[in-house]
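Structure at a glance
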Amino acid sequence: RSSILSDDVFPSTATDVFVGNMPYGMSDDYVKDLVYTVRKDDGSPVNPEVLRVTVPRDEETGKDRGLAFVKVLDATQAADLSAALDGFEYRGRVLNSNVKESRKKKWVER
């Protein structure tokens, strides 16, 4: 397994994968374990280099919101991971996943 970066310095190629419809009670470690167990259509492991896992929590209750973001090394790993997670049944729930679009601003020349 890859090491997890503890600071907010990521390579420019780093890409986020959204994972939704997750069972409640998920921690970062559960999500990491899930990521390392999913497989591609050909049966080979996805085995992405995970840089960070974020499980958003409700501000008032502190409970997770049933979703996660997984930052991986590059867009290829993100696409492979998202494809493996989308439709994957986990703890009785069918997950949905997609590659999170970049929020980089596009400048329009006038």
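You'll find the structure just up there.
Read on for a plain summary of the structure. Numbering of residues begins from 1 in every chain and follows the order in which that chain's sequence is written. Note on the predicted model: pLDDT of at least 70 is required for a residue's local features to be given, and 80 or more for side-chain atom pairs to be given and counted; whole-chain, interface and lining totals, by contrast, use all residues. With hydrogens and water excluded, all non-hydrogen atoms of the structure serve as input to the side-chain values.

In this fold, S82 is placed in helix α2 (residues 75–85). The exposure class assigned to S82 is buried, which follows from its relative accessible area of 7%. Numbering of helices and strands starts at the N terminus; helices are DSSP runs of H or I of at least 4 residues and strands are runs of E of at least 2. Exposure categories follow from relative accessible area, calculated using a 1.4 Å probe and restricted to protein chains: below 20% of the type maximum is buried, above 50% is exposed, and the middle band is partly exposed.

Relative to the assigned elements, T76 resides in helix α2. Residues T76 and T15 lie 61 residues apart in sequence; the distance between their C-alpha atoms is 9.0 Å.

What follows covers α2. Of all the positions in α2, only Q77, A78, L81, S82, A84 and L85 are classed as buried. Relative to the axis of α2, the buried residues are bounded by an arc of 165° and lie together on one face. In α2, the exposed residues that point more than 90 degrees away from the buried face are T76 and A83. Of the surrounding secondary structure, the elements contacted by the buried residues of α2 are β1 (15–20), α1 (28–37), β3 (67–72) and β6 (96–99). Distance and chemistry together define a polar contact, namely a pair of N or O atoms within 3.5 Å, with one atom able to donate a hydrogen and the other to accept it when in protein, and with adjacent residues in sequence counting only for side-chain atoms on both sides. Measuring from the backbone nitrogen of T76 back to the side-chain oxygen at the start of α2 gives 3.1 Å, which picks out D74 as the cap. Within two residues after α2, G87 carries a phi angle of roughly 90°, on the positive side. The arc in question is the one spanned by the directions pointing from the helix axis to the C-beta atoms. Throughout, a residue-residue contact means that at least one pair of heavy atoms, one from each residue, lies within 4.5 Å.

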